[in-house]
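# What the coordinates show
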Amino acid sequence: MAGKKNISIYISRILRHKPEEIGLKMDEHGWVSADELICRINEAGKYRIDREKLEEIVKQDSKGRFRFNENHCMMKACQGHTIPWVEPEMEYMEPPAFLYHGTTMTALEKIMSSGEISKMKRHDVHMQADIEKAWQSAMRWHLTPVVLKIDAGKMYDLGFAFGKTENNVWCTDHVPVEFIVEKIQKMT
């Protein structure tokens, strides 16, 4: 399983951040040829992958980070891109009243001192309607996790735009700290 996890992380890196690392062609929404992805990964030599393994990685990804098109000839990362020219596909709409942002206590200190949750190098700040998914994000850093409850309804009423990706991640440009209504340090 560790091997599949490492390949999944590698694919995420390529599709979200570094397609040029393996010479992969990508369109403006992050779509790539699944066959070319397999070929380029194998040529790079770090991992060996075939169609069956790629299908399994996409199917078993608990966060739904990857998506195939209808006939599985193209795939992409659903969000999290740092590639400046990739424009993630999402539906812009009114968010739920509250959303959750998973982070760490170390990052929270920086958030509070800067005055906002920033998108950093990504296209947007990522949030979840489901607190459990926010906890997954918070705990991935292996530091003290914290989940921030965001008053997304108030933000929306004040003109902030929200988009939702195919894997149900809510995105906005930034979140000023005054919209953080609760800091949850452990699951209840």
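We now turn to the structure provided with this report. (Residues numbered from 1 in each chain as written. Predicted model: local features only at pLDDT ≥ 70, side-chain atom pairs only at ≥ 80, totals over all residues. Heavy atoms only, no water.)

This paragraph deals with the sheet that holds strand E8 (residues 145-150). Read from one edge of the open sheet, three strands run E5-E8-E12, paired in antiparallel fashion. Every interior strand has two partners, whereas the edge strands, strand E5 (99-104) and strand E12 (180-184), have only one. Geometrically, the sheet is characterised by an average inter-axis angle of 25° between neighbouring strands, direction not taken into account. As paired strands, E5 and E8 are joined by six bridges and run antiparallel to one another. Paired with Gly102 across the strands is Val147, a residue of E8. Relative to E5, helix H4 (residues 105-114) is tilted by about 110°, and along the sheet it contacts E5, E8 and E12. Sheet strands in contact with helix H5 (residues 131-139) are E5, E8 and E12, and its direction is about 140° off that of E8. (Pairing = 2+ DSSP bridges. Helix = DSSP H or I, 4+ residues; strand = E, 2+ residues; numbered from the N terminus. Axes fitted to C-alpha atoms, helices over the stretch in contact; angles between N-to-C directions. Contact = heavy atoms within 4.5 Å.)

To continue, consider the pattern of salt bridges. Following the criterion strictly, the structure yields ten salt bridges and no others. Residue Arg51 pairs with Glu55 through a salt bridge whose shortest N-O separation is 3.4 Å. Of the two residues, Arg51 and Glu55 are both situated in helix H3 (residues 51-60); the distance of four residues between them amounts to about one turn of the helix. Judged by relative accessible area, which is 26%, Arg51 ranks as partly exposed. On the basis of relative accessible area, Glu55 is assigned to the partly exposed category, the value being 25%. Of the charged contacts, one joins Glu166 and Lys76 as a salt bridge, the two residues approaching to 2.7 Å between their closest N and O atoms. With Glu166 in the loop between strand E9 (163-164) and strand E10 (170-172) and Lys76 in strand E3 (residues 74-77), the pair connects residues that are 90 residues apart, well separated along the chain. Among the residues examined, Lys76 registers a relative accessible area of 1% and is labelled buried. When salt bridges with common partners are traced through the structure, they connect Arg67, Lys76, Glu89 and Glu166 into a single cluster. (Salt bridge = Lys/Arg side-chain N within 4 Å of Asp/Glu carboxyl O. Buried < 20%, exposed > 50% of the residue type's maximum accessible area, 1.4 Å probe, protein only.)

To continue, consider the nonpolar core. Counting residues in hydrophobic clusters, the biggest one holds 24 residues, and the most contacted among them are Ile11, Leu15, Leu37, Ile41, Ile49, Leu54 and Met75. Going through the elements one at a time, helix H1 (2-16), helix H2 (34-44), H3, strand E2 (66-68) and E3 are the ones with two or more residues in this core. The element best represented in this core is H1, accounting for five residues. Aside from chain neighbours lying at most four places away, what touches Ile49 is Ile7, Ile11, Ile38, Ile41, Asn42, Leu54 and Ile57. (Core = buried A, V, L, I, M, F, W, Y, C linked by side-chain atoms within 4.5 Å.)

This part covers the layout of surface pockets. When its volume is computed, the largest pocket comes out at roughly 1,500 Å³. Along the walls of the largest pocket sit 49 residues, with Lys63, Arg122, Ser137, Arg140 and Trp141 positioned nearest its centre. Listed by contribution, the elements that provide at least two residues to the lining of the largest pocket are H1, H3, E5, H4, strand E6 (116-117), strand E7 (125-127) and H5. It is H1 that provides the largest number of residues to the lining of the largest pocket, a total of seven residues. Here the lining of the largest pocket is built from residues that sort into 13 nonpolar, 20 polar and 16 charged. (1 Å grid on protein atoms, 1.4 Å probe; cavity = no way out; pocket = protein on both sides within 12 Å on 5 of 7 lines; lining within 4 Å. Points joined across faces, edges and corners; volume = space filled by probe spheres on them. Nonpolar A, V, L, I, M, F, W, Y, C, P; charged D, E, K, R; others polar.)

Interpretation note: all reported values are geometric properties and have no functional meaning in isolation.
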